Amino acid sequence: MPPVTFEIRNNVTVELVKASAADSDVATAARVSTVGGSHEEVVDLAKDEGLINYLMRDRHGSPFEHTSLTFYVEAPVFVAREFFRHRSGWSYNEESGRYKQLKPTFYAPPPERPLVQVGKPGAYTFKPGDHVHAASVEQNFRYVYREAYQRYMGMLQQGIAREVARMVLPVGIFTSFYATCNARSLMHFLGLRTRSCIAKFPSFPQREIEMVAEQMEDHLADLMPITYAAFNVNGRVAP
Ligand SMILES: Cc1cc2nc3c(=O)[nH]c(=O)nc-3n(C[C@H](O)[C@H](O)[C@H](O)COP(=O)(O)OP(=O)(O)OC[C@H]3O[C@@H](n4cnc5c(N)ncnc54)[C@H](O)[C@@H]3O)c2cc1C
């Protein structure tokens, strides 16, 4: 079988493709009862801050849904699998290994990523690992990725269908998908998929989905600074 070249990445891609998401969208929706129909007017941002904080604190979530953010993500399959568990307020489209030959791009952890789990389920931490662990990860990942992709290509060359040949590929292979959400569903995702010492309900996500979440969080902070501040002040609990 001919040798294959393949790429190993230790990062993820998150691009904000488009967004219609501003703090004023939240305030305008929330004020429908008091100044209904005035959505053309410029909203008073000083007043919005108090209103948005109140909505966040008392978990009046629906005004945050009048926003839309579309992301393009490149991440390993195991991250996508975790990601797609987020059902409410999310829409997805993912590349399909039935319709295209999958690219030989695979994930391996960056050097700083902890490798060793210490403790029992529900109460564990991760530690860096020593040079033996690091060498094992490096060698095993490379060996399996090369072997699996070579076998995949070999089967395609024999005329075996893409949807069958892909079954040998590991979950470390990269996939790509579009994900569209609103600010409320994004905050719910961030509350679960990031670790934060200010979180009212601490979560312990896998580092790789957190790498995606962190980049999405930066976009939320840029687009909706008042909402983002209120999210943090109120313990990173989605309204
Ligand atoms: C650290 C961590 C570890 C995890 N480990 C596992 C695991 O071992 N195994 C596993 O299977 N999953 C695991 N998950 C996934 C987890 O169980 C959730 O599926 C995922 O986090 C999505 O959360 P969600 O359902 O709240 O989000 P969404 O699906 O986006 O839903 C948002 C909210 O809408 C409401 N909602 C949505 N659907 C329903 C429904 N059908 N009925 C009632 N209310 C609904 C709920 O209030 C929900 O919180 C883990 C998640 C995290 C963060």
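Because the structure is predicted, anything quoted here is derived from the model rather than measured. (Residues numbered from 1 in each chain as written. Predicted model: local features only at pLDDT ≥ 70, side-chain atom pairs only at ≥ 80, totals over all residues. Heavy atoms only, no water.)

Draft legend 1. Structural view of the environment of Val 171. By the element assignment, Val 171 lies in the loop between α6 (162–165) and β8 (174–181). C-alpha of Val 171 to C-alpha of Phe 78: the two residues are 93 residues apart in sequence and 5.3 Å apart in space. Among residues more than four places away in sequence, those in contact with Val 171 are Pro 76, Val 77 and Phe 78. (Helix = DSSP H or I, 4+ residues; strand = E, 2+ residues; numbered from the N terminus. Contact = heavy atoms within 4.5 Å.)

Draft legend 2. Expanded view of the packing of aromatic side chains. Under the defined criterion, the tally for this structure stands at 17 aromatic pairs. Geometrically, the ring pair formed by Trp 90 and Tyr 92 is stacked, given 6.0 Å between the ring centres and 5° between the ring planes. Aromatic ring contacts, followed pair by pair, group Phe 6, Phe 106, Phe 141, Tyr 145, Tyr 149 and Tyr 152 into a single cluster. (Phe/Tyr/Trp six-rings, centres within 6.5 Å; stacked < 30°, edge-to-face > 60°.)

Draft legend 3. Seen up close, the pattern of salt bridges. For the coordinates displayed, the defined rule picks out 12 salt bridges. Of the charged contacts, one joins Arg 57 and Asp 58 as a salt bridge, the two residues approaching to 2.9 Å between their closest N and O atoms. Accessibility expressed as a relative area gives 36% for Asp 58, which makes it partly exposed. Among the ionic pairs, Arg 207 bridges to Glu 214, the shortest N-O distance being 2.9 Å. (Salt bridge = Lys/Arg side-chain N within 4 Å of Asp/Glu carboxyl O. Buried < 20%, exposed > 50% of the residue type's maximum accessible area, 1.4 Å probe, protein only.)

Draft legend 4. Broad picture of the site of the ligand. The immediate surroundings of the ligand are formed by Arg 85, His 86, Arg 87, Ser 88, His 188, Leu 192, Arg 193, Ser 203 and Phe 204. Residue Arg 85 places a side-chain N or O atom 2.7 Å away from an oxygen atom belonging to the ligand. A distance of 2.7 Å separates an oxygen atom of the ligand from a polar side-chain atom of His 188. Starting from 930 Å² of accessible surface for the ligand in isolation, the protein chains cover 45%. Looking at the shell around the ligand residue by residue, the classes come out as 2 nonpolar, 4 polar and 3 charged. (Near = heavy atom within 4 Å. Polar contact = N/O pair within 3.5 Å; in protein donor to acceptor, adjacent residues only side chain to side chain. Areas by Shrake-Rupley, 256 points an atom, 1.4 Å probe, with all protein chains shown as cover. Nonpolar A, V, L, I, M, F, W, Y, C, P; charged D, E, K, R; others polar.)

Draft legend 5. A look at the nonpolar core. The biggest cluster of nonpolar side chains holds 41 residues, and the ones touching the most others in it are Phe 83, Leu 186, Phe 189, Val 212 and Met 216. Ranked by residues supplied to this core, first place goes to helix α8 (residues 207–223) with 6 residues. With sequence-adjacent residues up to four places away left out, Met 216 is seen in contact with Val 14, Phe 71, Val 73, Phe 83, Trp 90, Leu 186 and Phe 189. In terms of nonpolar packing, the next biggest core, distinct from the first, is built from 14 residues, Val 4, Leu 102, Ala 148 and Tyr 152 among them. (Core = buried A, V, L, I, M, F, W, Y, C linked by side-chain atoms within 4.5 Å.)

Draft legend 6. Summary view of the sheet that holds strand β2 (residues 13–20). Taken in spatial order, the 4 strands line up as β2-β3-β8-β4 in an open sheet, and their pairing is antiparallel. Among the strands making up the open sheet, the edge pair consists of β2 and β4 (90–94). The average angle at which neighbouring strand axes cross in this sheet is 20°, direction not considered. The sheet contact formed by β4 and β8 spans 5 bridges and is antiparallel. Bridge pairing in β8 links Ser 91 to Thr 180. (Pairing = 2+ DSSP bridges. Axes fitted to C-alpha atoms, helices over the stretch in contact; angles between N-to-C directions.)

Note that all results are geometric; they support no functional claim without further evidence.
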